[in-house]
2 protein chains.
Amino acid sequence: MSFVTHLECSLCSRILPADKLQTVCGHCGKPLFARYDLARVKSAVRREDLTSREPTLWRYREILPLPFRTEPVSLGEGWTPLLPVRRFASVHGSKAVFLKDEASNPTGSFKARGMSLAVSMASWLGARKLAAPSAGNAAGALAAYAARAGSEAHLFVPRDTPLVNVTESRAAGANVQLIDGLITDCAAEVARRAAEEGWFDVSTLKEPYRVEGKKTLGYELAEQLGWHLPDAILYPTGGGTGVIGMWKAFEEMEALGWVSSKRPRLIGVQASGCQPLVRAFERHEPFATEHAGAQTLASGLRVPRALGDFLILRAVRASGGLMLAVTDEEMAAGVYRLGELEGVFACPEAGACLAAFGTLRKAGAIGADETVVIFNTATGTKYPEFFEYYPPPNRL
Amino acid sequence: MSFVTHLECSLCSRILPADKLQTVCGHCGKPLFARYDLARVKSAVRREDLTSREPTLWRYREILPLPFRTEPVSLGEGWTPLLPVRRFASVHGSKAVFLKDEASNPTGSFKARGMSLAVSMASWLGARKLAAPSAGNAAGALAAYAARAGSEAHLFVPRDTPLVNVTESRAAGANVQLIDGLITDCAAEVARRAAEEGWFDVSTLKEPYRVEGKKTLGYELAEQLGWHLPDAILYPTGGGTGVIGMWKAFEEMEALGWVSSKRPRLIGVQASGCQPLVRAFERHEPFATEHAGAQTLASGLRVPRALGDFLILRAVRASGGLMLAVTDEEMAAGVYRLGELEGVFACPEAGACLAAFGTLRKAGAIGADETVVIFNTATGTKYPEFFEYYPPPNRL
């Protein structure tokens, strides 16, 4: 039906069956990964076969968990542009910098990838009442895919979430609750009510398939760059599912013979006001400590604790990469620099990566000749509050 | 260099050369159309050749005006999803309804298509200071493509334009002026200042190439539907360049042997508070009279006068289609119905088409078995003012 063989705990390696609804490892509480019969995948599809396939993440169907005969819950997600940003590169004395522009996804953000997979799998396995906490964009995406599936979405977001995320979620028929607190408080509320309400919790990494959607970022980068992975990737890291997913993709692709063993350095960027992973990275710790008093206007980075912390830290370290934090002011400056030079209005979280790129180029941590991919995880137009606080200059 | 042979006035058929900057017909002041050597296009590309090309509007390179060796000013525009909307169709007793979802374009709207072409051509022909009036989305798109080209953008928008359009334009380094008035007043301001400032006016249909970008909508519909055009198309009609462009595309494709002589009925939808084309259609007039006191919160439909009025009316009539108007309340209801059923948060202008579809189905003007395409021209997330005024229900 699919080439998934089983689920495996990402920490303790316990095995669970993939043909029923699963959450986290029953033993250690950590995320589960879908594992595939890669030999069968390899004989079923060659990377050359992909060229003429549809421009969505479902082009990688053989390495996705949904049974082949089941129609995905899709709105056209994935296969987003990888834009060469030459003027931006040139300003920083670089030669080959690309922006992976996730704004063109349904609901305008990278969250569409994970939710398309999670809702497709939940529907197939019979879960029709879905719930999740969100910093904003995940809410909009879950609302959209739940509606597309004919399922219910119950969303819990911090009261200071961008209003547009609430509106788009309600426009898609979702039940949205505003919570006085952070995303961790929202997650606690979902966990508290899920059992009695009969909700299936699709919090990131609390079910096995959002990360399968996110891993397609790694497949796309490889395919778009002619199956040569870049030297470095800058990724804004809240829950970190993209980093975890790409790392998984690189391993799978190497096993399939699609890429070499070379790995990009993964550079995770957080906000100065909420940098649990940066601190753990610097202290050489395997897990992160919750960031007390988290504060940043970049809602996607206002994540004081991530279930996949150890996976992010592992991937970043194994890749020879690093974690760093930037201020909200620097994020805004990064967004406006890119906007002026390339015309893309990026989200604040991407602004963090754009600022970090400048810092790392100056410090020599990224070389002039290196091929670098910077992620724009969402459109800037969904962050009016941020850009009212740090307004753009009226330049001309 | 390209297969364009000349420009031709869309009203009086006067011929102008295509190898220099042109605006409108010097004789009658009406829009110019690019004409191609279709025999050469035909021998250069077969429709089957397109399958493996890049998923942007530049896949139709042979029938676009930019010289083949010139790199387009591109952000990944076009080749947007054509989503089957089965649940929405079913509610209306229909079988085959598709949503052409233009929200996945750069800057979140269909305006990216025209601006990618217009800015590409202006850059090639040496115009580096670009100006335009806009109801909102065109501003964001011109700002983006001008920045991408390294050119200046000078934008004039009504003061009640959604703030996010101003922000995204300024984020891309554009000069944005807020005008007390309508888009027609903004256009007058551009016209007044263009000569002394050295600006090239890229108002829609005041230069020949935005419509070339928009026509790719017609090519995409044909290709995505296996080279069978639908029975009817519902399109929100402000300036109407999409209708004009698609009609041009249908004629070109027939000449190329890519589609038959069958034409979809073009159904143009306007706002009750601004319906100059509906009135002209009903009065069997060839041109429209400016709509006095235009009022609608759907900014893209707040267009009291369109330079291409006669072209829109001609195409709609020749297609056997019609024009109709709906209220802002109906637009909101249309948006929320689609959202709940399919997960897409459409713009108010698309809401007008969604509402009109219901009306026409009830009246029997669209048959149950007909294949229908409804356009979502932009993401709903760029219209916070509209959706605050008509807030979504919190349903669950």
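Scroll up to find the structure.
In what follows, the accompanying structure is described.

Rules behind the numbers
- Residues numbered from 1 in each chain as written.
- Chains lettered and ligands numbered in written order.
- Predicted model: local features only at pLDDT ≥ 70, side-chain atom pairs only at ≥ 80, totals over all residues.
- Heavy atoms only, no water.
- Contact = heavy atoms within 4.5 Å.
- Buried area = accessible area lost by both parts, 1.4 Å probe.
- Salt bridge = Lys/Arg side-chain N within 4 Å of Asp/Glu carboxyl O.
- Polar contact = N/O pair within 3.5 Å; in protein donor to acceptor, adjacent residues only side chain to side chain.
- Helix = DSSP H or I, 4+ residues; strand = E, 2+ residues; numbered from the N terminus.
- Nonpolar A, V, L, I, M, F, W, Y, C, P; charged D, E, K, R; others polar.
- Pairing = 2+ DSSP bridges.
- Right-handed = clockwise from strand over helix to strand, strands pointing away.
- Axes fitted to C-alpha atoms, helices over the stretch in contact; angles between N-to-C directions.
- Phe/Tyr/Trp six-rings, centres within 6.5 Å; stacked < 30°, edge-to-face > 60°.
- Buried < 20%, exposed > 50% of the residue type's maximum accessible area, 1.4 Å probe, protein only.
- Lys NZ or Arg CZ within 6 Å of the ring centre and 35° of its normal.
- Least-squares fit on C-alpha atoms with pLDDT ≥ 70 in both.

Describing the interface of chain B and chain A
Between chain B and chain A, the residue contacts involve 49 residues of the former and 49 residues of the latter. Summed over both partners, the interface of chain B with chain A buries about 3800 Å², with 57% contributed by carbon and sulfur atoms. Applying the counting criterion to the chain B and chain A interface returns four salt bridges. A salt bridge links A:E342 to B:R148; the nearest nitrogen and oxygen atoms lie 2.7 Å apart. One can count 10 residue pairs in polar contact (both at pLDDT 80 or more) joining chain B with chain A. Top contributing element to the side of chain B that touches chain A by residue count: helix α5 (residues 163–171) of chain B, with six residues. Split into classes, the residues belonging to the side of chain B that touches chain A amount to 25 nonpolar, 12 polar and 12 charged.

Remarks on the pairing of strand β8 (residues 175–179) of chain B
Residues and elements named next belong to chain B. Pairing of strand β7 (residues 152–158) with β8, which is carried by five bridges, proceeds in the parallel orientation. Across the sheet, F156 pairs through a bridge with Q177, a residue of β8. As for the winding sense of the linkage, the β-α-β connection from β7 through α5 to β8 is right-handed.

Quick look at the sheet that holds strand β9 (residues 200–201) of chain A
Residues and elements named next belong to chain A. One open sheet accounts for four strands, arranged β8-β7-β6-β9; its pairing is parallel. Each edge of the open sheet carries a strand with a single partner, namely β8 (175–179) and β9. Most of the contacts of helix α5 (residues 163–171) go to β8, to which it runs at about 155°, and overall it touches β7 (152–158) and β8.

Overview of the packing of aromatic side chains
Residues and elements named next belong to chain A. Enumeration according to the criterion identifies 30 aromatic pairs over all chains in this entry. Ring geometry for F156 and W199: centres 5.6 Å apart, planes at 50°, overall tilted. With F156 in strand β7 and W199 in the loop between α6 (183–197) and β9, the pair connects residues that are 43 residues apart, well separated along the chain. Here F156 matches W199 in class, with each residue buried. By the ring-pair criterion, three or more aromatic residues cluster together here, those being Y336, F345, F386, F387, Y389 and Y390. Here the basic side chain of R59 rests over the ring of Y60, its NZ or CZ set 6.0 Å away from the ring centre. Directly above the ring of W247 sits R263, whose terminal nitrogen or CZ lies 5.7 Å from the centroid.

Describing the side chain of B:R263
Residues and elements named next belong to chain B. Looking at where R263 falls in the secondary structure, it is placed in the loop between α8 (241–256) and β11 (265–271). Separated by 2.6 Å, the side chains of R263 and E254 make a polar contact. Engagement of the side chain of R263 in a polar contact is seen with the backbone oxygen of S261, the distance being 3.3 Å. Non-local contacts of R263, meaning those with residues more than four positions away in its chain, are made with W247, F250, E251 and E254.

What to know about the relation of the copies chain B and chain A
Superposition of chain B onto chain A requires a rotation of 180° combined with a translation of 0.0 Å along the rotation axis, giving an RMSD of 0.0 Å. The operation mapping one copy onto its partner corresponds to a two-fold rotation axis. By residue overlap, the copies meet face to face through one surface: 100% of the interface positions of chain B are interface positions in chain A.

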